[in-house]
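# Per-entry structural report
Take a look at the letters that make up each chain.
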Amino acid sequence: MTFLEMTDVTKIFPAGVAVQDFNLKVERGEFISFLGPSGCGKTTTLRMVAGFETPTSGTIAIEEIDMTRKSANRRNVGMVFQAYALFPNMTVADNIGFGLKIQKHSPEKIRARVRELLELIHLPEKEKSYPYQLSGGQQQRVALARALAIEPQVLLLDEPLSALDAKIRHELRTEIRRIQRQLGITTIYVTHDQEEAMSLSDRIVVMNRGVVEQVGSPSEIYNFPKTLFVASFVGNLNKLDCTVLDADRGKVGYNGTVISTGARLSAPIGSMVTLMLRPEELQIGAGGGENRLSGQIEAVNFLGAIARIMLNLDGTQVAVDVFNERQLDLPRAGQPHTVSFPSHACWVMEKM
């Protein structure tokens, strides 16, 4: 049975439409990420689930109970914000137990729950500390514990890691996923960071200009994008303007070279299409597949785990990712080279 359901949800502000016809069914215990650029409507959607914003139209239900018009304090929802929003004059224990105190639980129950959550977030020794005595990562763990203290039906996280440095972000997102799985709590996570969304989520909702572009698992979103926006926004992507030569046999042409895409094309012969290729599916040299394109090495960028080779194909730049190894022999800028790839690496979309 669907645990959280949003049906035809639209939010219109005086400045314009923020979210339009948003539909989503979330199962109990799922980790869902809303992914998209700034201004795409993901935080507005999260705030409507929390009760901080009221939809202009549509419905929001949790366990088949209509929550659309209920205020935030009448929903059993936990919220973690980008800014930690901890009370500076309260200890860690008092911050975590604040919601339980508002709900008028006994001091004994509050203390027990706080101790339990301090163990869960691996900060039992910080019970009597104040927020200013904690690192950013520790403060965000406390904010997470505070949101979990009331045992919410749904946990909502609004870009909670964006203020942290890269190493702490990586460590804390692992902790968030561990805690979410351990508790089995239904979670919605807002981010513009595709790596966060890919590593954390059971499913990702990709949004653009208030509209859902695609919903799917991280693998589906990355490997089988349904729109040009999703293909471009998630991961790195090479795009080549091609002409359809043989729609039935999946043949396109690029600057006089025939490329086999391995699938029948819906676009008619002679029409312009966009051929898309992931950098990791290309290979320098002729051994990567039946398709080949020739150009000149423009730059070689060493990125640690990979090296990104930029190839100039008659004015169009193509990226090729190569896994790093200590004996890797990288080409030099200015050298002519061939890039090859198999037909199954090709996606073709009609030009808009």
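## Some remarks on the packing of helix α2 (residues 92–102) against helix α4 (residues 136–149)
α4 packs onto α2 with a crossing angle of 25° between their chain directions and a minimal axis gap of 7 Å. In terms of axis orientation, α2 runs roughly parallel to α4. Between α2 and α4 lies a crossing whose hand is right-handed. Residue-level contacts link Val 92, Asn 95, Ile 96 and Leu 100 of α2 to Val 142, Ala 145, Arg 146 and Ala 149 of α4. For the contact of α2 with α4, the per-class residue count stands at six nonpolar, one polar and one charged.

## Structural notes on empty space enclosed by the protein
The final tally for this structure, using the stated rule, is one cavity of 30 Å³ or more. Taken together, Val 80, Gln 140, Arg 141, Leu 144, Leu 157, Pro 160, Leu 172 and Ile 176 make up the full set of residues lining the largest cavity. Put simply, the parts of the chain that give the lining of the largest cavity at least two residues each are α4 and α5 (166–183). With three residues, α4 is the largest single contributor of residues to the lining of the largest cavity. Of the residues that constitute the lining of the largest cavity, the class distribution is six nonpolar, one polar and one charged.

## Observations concerning unusual backbone geometry
It is generally the case that most residues other than glycine have a negative phi and that most peptide bonds are trans. The phi angle at Asp 21 is positive, at roughly 50°, despite the residue not being glycine. Residue position: Asp 21 is located in strand β2 (residues 16–27). The phi angle at Glu 63 is positive, at roughly 50°, despite the residue not being glycine. Within the secondary structure layout, Glu 63 lies in the loop between β4 (57–62) and β5 (65–66).

## Topic: α5
When the terminal C-alpha atoms of α5 are compared, their 26 Å separation across 18 residues agrees well with the 26 Å that a helix rising 1.5 Å per residue should span. All of the buried residues in α5 are Leu 172, Arg 173, Glu 175, Ile 176, Arg 177, Ile 179 and Gln 180. The inward-facing, buried residues of α5 abut β3 (31–35), α3 (107–120), α4, β7 (154–158), β8 (186–191) and α6 (194–200). Capping the start of α5 is the job of one residue whose side-chain oxygen sits 3.2 Å from the backbone nitrogen of Lys 167: Asp 165.

## Concerning the sheet that holds strand β20 (residues 347–350)
Strand order across the open sheet formed by five strands is β13-β12-β11-β14-β20, with antiparallel pairing between neighbours. Every interior strand has two partners, whereas the edge strands, β13 (257–260) and β20, have only one. This sheet shows a mean twist of 45° between the axes of neighbouring strands, independent of strand direction. Bridge analysis of strand β11 (residues 238–246) against strand β14 (residues 272–277) gives six bridges, and the strand direction is antiparallel. In the strand pairing of β14, Asp 241 is matched with Thr 274.

## Observations concerning the packing of α3 against α4
Running from amino to carboxyl end, α3 crosses α4 at an angle of 135°, the nearest separation of the two axes being 10 Å. Classified by the angle their axes make, α3 and α4 are oblique. Of the two possible hands of crossing, α3 and α4 adopt the one that is right-handed. Contacts between α3 and α4 involve Arg 113, Leu 117 and Leu 120 from the first element and Ala 145, Leu 148 and Ala 149 from the second. Residues of the contact of α3 with α4, tallied by class, amount to five nonpolar, no polar and one charged.

## Considering the layout of surface pockets
When its volume is computed, the largest pocket comes out at roughly 620 Å³. The wall of the largest pocket is formed by 20 residues, among which Val 77, Gly 78, Met 79, Gly 99 and Ile 150 lie closest to the centre. For the lining of the largest pocket, the secondary structure elements donating two or more residues are β6 (77–80), α2 and α4. For the lining of the largest pocket, the class distribution of residues is 13 nonpolar, five polar and two charged. In this structure, the second largest pocket encloses a volume near 410 Å³. Around the second largest pocket, the lining comprises 15 residues; the ones closest to its centre are Gln 194, Glu 195, Tyr 222, Gly 235 and Asn 236. Considering only residue class, the lining of the second largest pocket consists of eight nonpolar, three polar and four charged.

## Regarding the environment of Phe 34
If you trace the backbone, Phe 34 turns up in strand β3. Relative accessible area serves as the criterion here: at 0%, Phe 34 is assigned to the buried category. C-alpha separation for the pair Phe 34 and Phe 233, spaced 199 residues apart in sequence, amounts to 13 Å. Those residues in contact with Phe 34, other than ones at most four positions away along the chain, are Phe 22, Leu 24, Lys 42, Thr 45, Leu 46, Ile 188, Tyr 189, Val 190, Thr 191 and Val 205.

## Concerning the sheet that holds β6
Within the open sheet, the six strands sit side by side as β6-β7-β8-β3-β9-β10. Their pairing is mixed. Whereas interior strands pair on both sides, the edge strands pair on one side only; in this sheet they are β6 and β10 (211–216). Pairwise comparison of adjacent strand axes, ignoring direction, gives a mean angle of 15° for this sheet. Along the sheet face, α4 touches β6 and β7 and points at about 170° away from the line of β6.

Cut-offs applied
Along each chain, residue indices are assigned from 1 in the same order as the chain's sequence is written. Reporting of local features is limited, given that this is a predicted model, to residues whose pLDDT is at least 70; pairs of side-chain atoms are given and counted only at 80 or more, and all residues count toward the totals for whole chains, interfaces and linings. Computation of side-chain values: all heavy atoms of the structure, hydrogens and water removed. Inter-axis angles, ranging from 0 to 180 degrees, are taken between N-to-C directions of lines fitted to C-alpha atoms, where helices are fitted over the stretch in contact. Helix and strand labels come from DSSP, where a helix needs a run of H or I of at least four residues and a strand needs a run of E of at least two; each type is numbered from the N terminus. Roughly parallel covers angles under 35 degrees, roughly antiparallel covers those over 145, roughly perpendicular covers 65 to 115, and oblique covers all other angles. Crossings are sorted by hand: turned counterclockwise from the far helix by less than a right angle, the near helix makes the crossing left-handed, and turned clockwise it makes it right-handed. Any two residues having at least one pair of non-hydrogen atoms within 4.5 Å are treated as being in contact. Residues are grouped as follows: Ala, Val, Leu, Ile, Met, Phe, Trp, Tyr, Cys and Pro are nonpolar; Asp, Glu, Lys and Arg are charged; every other residue, Gly included, is polar. The definitions used throughout rest on a 1 Å grid laid over the protein atoms alone, on which a cavity is an enclosed set of points accommodating a 1.4 Å probe that cannot get out and a pocket is an open set flanked by protein within 12 Å on both sides along at least five of seven lines; lining residues are those having an atom within 4 Å of a point. Grid points are joined across faces, edges and corners, and a volume is the space filled by probe spheres set on the points. Between the first and last residue of a helix there are one fewer steps than residues, each counted as 1.5 Å, and that sum is the expected span. Only protein chains enter the calculation, and the probe is 1.4 Å; a residue is then buried if its accessible area is under 20% of its type maximum, exposed if over 50%, and partly exposed in between. N or O atoms closer than or at 3.5 Å make up a polar contact, with two conditions inside protein: a donor-capable atom paired with an acceptor-capable one, and, for residues adjacent in sequence, both atoms drawn from side chains. Here the rule is simple: two strands pair whenever DSSP picks up at least two bridges between them.

So, to be careful, I would describe these as geometric facts and stop short of saying anything about function.
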